[in-house]
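For reference, the chains in residue letters:
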Amino acid sequence: MKKIIVSSLLLISVFLADAQKGTIKGTVTDAKTNEVLIGTTVMLKGTTTGGITDFDGNYTIPKINPGRYTLLVSFISYDSKEMPIEVKAGEEKVINVSLSPATIEVEGVRVVAKANRESEAMLLIDQKKSENIKESIGAKRLSELGVSDAASATSKISGVTKNEGSGDVYIRGLGDRYLSTTMNGLPIPSDDVEKKNIDLGLFSTDVIKNVSISKTYDAATYGDQSSGAVDISSKSYSEKFELEVKAGSNTNVFSDGMFGNFKGTQNLNDLTMGFYKSPMSIEDALQNQSWNTVDVAFPLDRSFSISGGKKAKLGTGDLSMFGVLSYGNEYDYSEGVYQKYRANDQYKSFTDLEKFETIQKTTALLSFDYEINKDNSISYHGVLLNKAKDELWEMGRNGEGFFYDQIPQEEETFIRDQNIKQNLLFVNQLLGDHKLNKKNNLKWAVGYNRVKADEPNRIGNQVIMLEEDEIYFVKSTNYEHSKSCQEIKDNEVNGYLKNITTLIDEEDKKLKLNYGLNFRYKTRDFSSQKVASYLPSPSATLGTSIDKLDEILNNGTYYDNSTIRTKIAQEDTYDASLLVGAGYLNATYNKNKFMVNVGVRYEYDLINVDWDVANYVGRTGDLEGTYDNILPSLNLKYSLGDKNILRLAASKTVTLPEFKELAPFEYVSPTGQVQKGNPDLINSNDYNIDVKWELFPTAKEMISLTGFYKLIEDPINLAQARGSSGNFYFANTGEKANVYGIELEAKVGIIKTEGTGKPDLNLSMNLTKMWFEQDLLEEFQYYDKTTSGLQGAAGFITNGSLIFSTNTENELVATVTGNYSSDKILVLGAPEDQSSKDTEFNSEIIEKGFATVDLILSKQLSKRFQLKLSCKNLLDPTVEYTQEVVPRSTSVARTEVVESHKKGVSFSLGLKVNLNK
């Protein structure tokens, strides 16, 4: 009884104490526009007591002891405000605050700051206000997650995965051909003949303001998309001058003495800061350039970047400038197995596949923003991206290599492929924004892009290792010892002209029209050349070591007596062009809590391809594809409450064949797998429906649930070729495909301190479940298989991150991120012989699902110095590709691993220095 009385007295005293405390609440708005400001910090100066405004601009600071205080209100890009206040016991004081946009005086120049589109809070505001279903991730969040490039950035968005080992992005399970990529709203070209979209891994986070993905179609954008549109906003002015240096490595590079025995190709001798200069033609290289590999000293990852900006007066306007320059080296090593099955029989088998990679990247960004006056502005963005990847593949060194039907024997095969790929991309963009009057806002843009993607010197060798000191040359195609080059040159001009007209602008009713024109003209020149040294017969034992091939292939005596002969293949070429012209009209009507956006787009696409390639009957051919499309879009939004939004979207889009999917050129991979285009491809028509619910509990939190459906007519997939080749090609594999899916995403605070200066913990997580089915055309049916999934489509995807911050002056941020993607089809199967499709077939190849976990620690040492430790791929899962094999002798299906490897765990330590005084 005594304990009860004491407890009751304590509770009463606590209640009375709280009753003697006061509360401050209110709303923060923009002084000019009267719009509410979301995410504003409101503090009692000199204390850790405060709060942050919600999505309605409201804040509340409870339980304040009576007394006199100074209320400090601050928000990014606005002038802070301080106000003396007195709080009385039990009082609820309402203080509404209006903030003015910040101004900076630079040598007499008055510059008005703008909202920071790198912050998570501002991007959530954009997402809430967006007319379509859109998600973004900003530079600040990318830094916390330890993301180094745009490809990794997109994988932090729900329903998005990044293909292992590349910059390929899959949105809702649909890959390269179903996406579009832009920078600042203008198309950017692919850097690779094999891809429609650019390798997003080329865009380092140094040049990224934010990355956004629109998962529903808007008539103002190009129609060649189905699963989504990726847009990269490049960084503009920043007052910080920063220098960052990093060093690191990979556990595979350090394993088993590999660090001291790392190898590369001969091309490293001609590579300087990522730029390759060929010393001779490939014909001269046959006898005058080494065929051996080279040793790489000190394969330690290292990089640096420097960035900064400046503002100045120019005429009557204000000019801001920003630039970034970065360079880095990376080294990767992996080992695994490789097998190939053809018609359920083993065709190749190697148990010791090794891959050495040396990567050098250079990135430069230059941006100018010129505010002529408050109504007119012009900006320029120029980006240079250069990536050189030196690749060395070896398999069969252990003497266990098998190659079917090889002369003089099938066993003890050794294969080596040395190659360098250099991708050089220039992006130039000029954009204008003009407020003609209160009702009309005119925007225009012109872009010029240039791509040079080269494989200037590829070296291939294939021999038989009879003994440790005795090798045979094999004979099959006379190209077992070859040197080849490949060059792509793309040029593109694109642009848009659009006007936004506000017809009604009332407090509870708004109507605006967005109408304009788009154009795009792109050309490609492609060429490929191969030369070889070969033996007329394979019976001679010529070499002593696979690491001393020069004693054979660079021996002039063998060439003089015709023991070794040379062969020069006819050059393969194709020229292609794409012309796009479009006009669109979008109308957006807002009535209280309801918004409807309806649009229609007419788009004309013309594709021309002319080719002269060895594997096409008659070598030469051409095609002209004309596509006229009327593409409607509908986006509905209804606000269920102040923090709840319900969305509905429906649209029609198209999927056009790409140059590389149409041109019948055969590209041979390092493992010997051939992939070619198909001139008979037709476009796909795509019908899309989305329903989404969004909840914004606070300015930094969001929960959403989405359901979506897509119908794809005449889907295009990469499939295994019918007939005798057993290789890969692009084809319309079914009449239609159905895609269903649900997405759940949450960004929530587990420990929310909101401006109190105490540690907080935030969780971001998304899950996507999808179902795919296409009815296979008869020529792709085999072994009673009449339906399949889609190439690159994963049934389950999840991404998550847990971020801890001390919220102190010298902040410590710890981030753990995890990603998982389930099995997906790498390439569809097909029968080799239609008449015996139950026994003569190649099953689909599956990329097995795997999970990754990263850890990033960031510590602000002082105002000038920040230290960052990055540990990536901590689980180091085995990446496997499998294929079902049904031997004719037993008719019992079994699953074989056709390729596997481990990437290793990557570590890096970086130091960022603030160079400002």
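Residues numbered from 1 in each chain as written. Predicted model: local features only at pLDDT ≥ 70, side-chain atom pairs only at ≥ 80, totals over all residues. Heavy atoms only, no water.

Lay out the overall build of the chain with the relevant residues and their values.
On a plain count of helices and strands, the chain comes out with nine helices and 58 strands. Within the span of the chain, comprising 917 residues, buried residues form 54% of the whole. Pairs at least 24 residues apart make up 71% of the contacts formed inside the chain by residues separated by at least 6 positions. Element-wise, carbon and sulfur atoms account for 54% of the exposed surface of the chain, whose accessible area totals about 38500 Å². (Helix = DSSP H or I, 4+ residues; strand = E, 2+ residues; numbered from the N terminus. Buried < 20%, exposed > 50% of the residue type's maximum accessible area, 1.4 Å probe, protein only. Contact = heavy atoms within 4.5 Å. Areas by Shrake-Rupley, 256 points an atom, 1.4 Å probe, with all protein chains shown as cover.)

Would you mind going over the side chain of aspartate 270 in detail, with residue names and values included?
If you trace the backbone, aspartate 270 turns up in the loop between strand E19 (263–264) and strand E20 (271–272). For the buried aspartate 270, no salt bridge exists, and the shortest N-O distance to an oppositely charged side chain is 9.3 Å, to lysine 483. Ignoring anything within four residues of it in the chain, the contact list for aspartate 270 reads Phe275, Tyr276, Lys277, Pro279 and Gln289. (Lys, Arg positive; Asp, Glu negative; His and termini not counted. Salt bridge = Lys/Arg side-chain N within 4 Å of Asp/Glu carboxyl O.)

Let's hear about the sheet that holds strand E43 (residues 716–720): which residues, and what values?
Here we have four strands laid out as an open sheet, ordered E39-E40-E44-E43, and mixed in their pairing. Two strands lie at the open edges of the sheet, namely strand E39 (666–668) and E43, each paired on one side alone. For this sheet, the mean angle separating the axes of adjacent strands, direction not counted, is 35°. Pairing of E39 with strand E40 (residues 674–676) involves three bridges; the strand directions are antiparallel. Looking across to E40, one finds that glutamate 666 is bridged to lysine 676. (Pairing = 2+ DSSP bridges. Axes fitted to C-alpha atoms, helices over the stretch in contact; angles between N-to-C directions.)

Residues and numbers for the packing of aromatic side chains, please.
Applying the stated rule across the entire model yields 15 aromatic pairs. Pairing tyrosine 347 with tyrosine 404 gives two aromatic rings, centres 5.8 Å apart and planes at 40°, and the pair type is tilted. Linking tyrosine 347 in strand E25 (residues 345–373) with tyrosine 404 in the loop between strand E27 (402–403) and strand E28 (413–435), this pair joins segments that are 57 residues apart in sequence. A ring pair is formed by tyrosine 783 and phenylalanine 841, whose centres lie 5.1 Å apart and whose planes are at 25°; its orientation type is stacked. One end of the pair, tyrosine 783, is in the loop between strand E46 (760–776) and strand E47 (787–788); the other, phenylalanine 841, is in strand E52 (residues 841–842), with 58 residues separating them in the sequence. Classification of phenylalanine 841 as buried rests on a relative accessible area of 1%. (Phe/Tyr/Trp six-rings, centres within 6.5 Å; stacked < 30°, edge-to-face > 60°.)

Could you give me a rundown of the nonpolar core, with the residues and numbers involved?
Counting residues in hydrophobic clusters, the biggest one holds 60 residues, and the most contacted among them are Ile198, Phe203, Tyr574 and Val609. Looking at this core element by element, the count peaks at four residues for strand E35 (residues 572–591). One finds Val28, Leu37, Ile85 and Ile95 within the second-largest nonpolar core, a separate group that totals 18 residues. (Core = buried A, V, L, I, M, F, W, Y, C linked by side-chain atoms within 4.5 Å.)

So what about the sheet that holds strand E6 (residues 81–87)? Which residues, and what values?
The antiparallel open sheet is built from four strands, whose spatial order is E3-E2-E5-E6. Two strands lie at the open edges of the sheet, namely strand E3 (50–52) and E6, each paired on one side alone. The average angle at which neighbouring strand axes cross in this sheet is 20°, direction not considered.

If you had to explain the layout of surface pockets to someone new, which residues and values would you point to?
A probe as big as a water molecule, rolled over the atoms, marks out the empty space that is left. The volume enclosed by the second largest pocket comes to roughly 1300 Å³. Forming the boundary of the second largest pocket are 45 residues, of which Thr477, Tyr479, Lys530, Val668 and Val674 lie nearest the centre. Elements with a minimum of two residues in the lining of the second largest pocket: strand E24 (317–342), E25, E28, strand E29 (440–467), strand E31 (482–505), strand E32 (509–534) and E39. Sorting elements by how many residues they give to the lining of the second largest pocket places E29 first, with six residues. Of the residues in the lining of the second largest pocket, the class split is 14 nonpolar, 18 polar and 13 charged. (1 Å grid on protein atoms, 1.4 Å probe; cavity = no way out; pocket = protein on both sides within 12 Å on 5 of 7 lines; lining within 4 Å. Points joined across faces, edges and corners; volume = space filled by probe spheres on them. Nonpolar A, V, L, I, M, F, W, Y, C, P; charged D, E, K, R; others polar.)

Explain a nonpolar patch on the surface to me, and be specific about the residues and the numbers.
Together, Phe594, Tyr638, Leu640, Leu646, Leu648, Ile689 and Val691 make up a nonpolar patch on the protein surface, roughly 570 Å² of accessible area in all. Put simply, the parts of the chain that give the nonpolar patch at least two residues each are strand E38 (644–655) and strand E41 (684–695). When you line up the elements, leucine 640 lands in the loop between strand E37 (620–639) and E38. (Patch = residues over 30% accessible without salt bridge, like charges linked within 9 Å, V, L, I, M, F, W, Y side chains within 5 Å.)

Any details on the pairing of strand E57 (residues 894–902)? Residues and values, ideally.
One ladder, built from three bridges, connects E24 with E57; its direction is antiparallel. For valine 337, the partnering residue across the bridge sits in E57 and is serine 900. Here strand E56 (residues 878–885) pairs with E57 via eight bridges, running antiparallel. Bridge pairing in E57 places glutamine 883 opposite glutamate 896.

Give me the lowdown on a negative patch on the surface, citing residues and values where you can.
Together, Asp525, Asp575, Asp610, Asp622 and Glu624 make up a negatively charged patch on the protein surface. Residue classification places aspartate 575 among the partly exposed residues on the basis of a relative accessible area of 39%. (Charge placed at Lys NZ, Arg CZ, Asp CG, Glu CD.)

Provide a residue-level description of the pattern of salt bridges, including the pertinent values.
All told, the structure shown has 34 salt bridges when counted by the stated rule. Of the charged contacts in the structure, one is a salt bridge between arginine 647 and glutamate 694, with a shortest N-O distance of 3.0 Å. Of this pair, arginine 647 sits in strand E38 while glutamate 694 sits in strand E41, placing them 47 residues apart in sequence. Accessibility expressed as a relative area gives 1% for glutamate 694, which makes it buried.

An account of unusual backbone geometry is needed here, citing residue identities and associated values.
At phenylalanine 298, a position not held by glycine, the phi torsion is positive, near 55°. Examined against the element boundaries, phenylalanine 298 turns out to sit in the loop between strand E22 (294–295) and strand E23 (301–314). Its identity is not glycine, yet asparagine 873 carries a phi of approximately 60°, on the positive side.

A description of the environment of alanine 719 should follow, citing residues and the corresponding values.
Tracing the backbone shows alanine 719 in strand E43. With 61 residues separating them in the primary sequence, alanine 719 and phenylalanine 780 have C-alpha atoms 8.6 Å apart. With sequence-adjacent residues up to four places away left out, alanine 719 is seen in contact with Asn727, Phe728, Tyr729, Thr733, Phe780, Val827 and Leu828.

Could you give me a rundown of the environment of arginine 722, with the residues and numbers involved?
Of note, arginine 722 is situated in the loop between E43 and strand E44 (728–732). C-alpha separation for the pair arginine 722 and phenylalanine 780, spaced 58 residues apart in sequence, amounts to 8.1 Å. In this structure arginine 722 touches Tyr729, Glu779, Phe780, Ala830, Pro831 and Glu832, once residues within four positions along its chain are discounted.

Give me the lowdown on the confidence of the model for the chain, citing residues and values where you can.
Per-chain confidence: the chain averages 85 in pLDDT, with 87% of residues scoring 70 or above. Every residue in residues 4–18 scores below 50 in pLDDT, and together they form one contact with partners more than four places removed in sequence or on other chains. Note on residues 103–118: pLDDT is under 50 here. Beyond four places in sequence and across chains, it has 37 contacts. (pLDDT = per-residue confidence, 0-100.)

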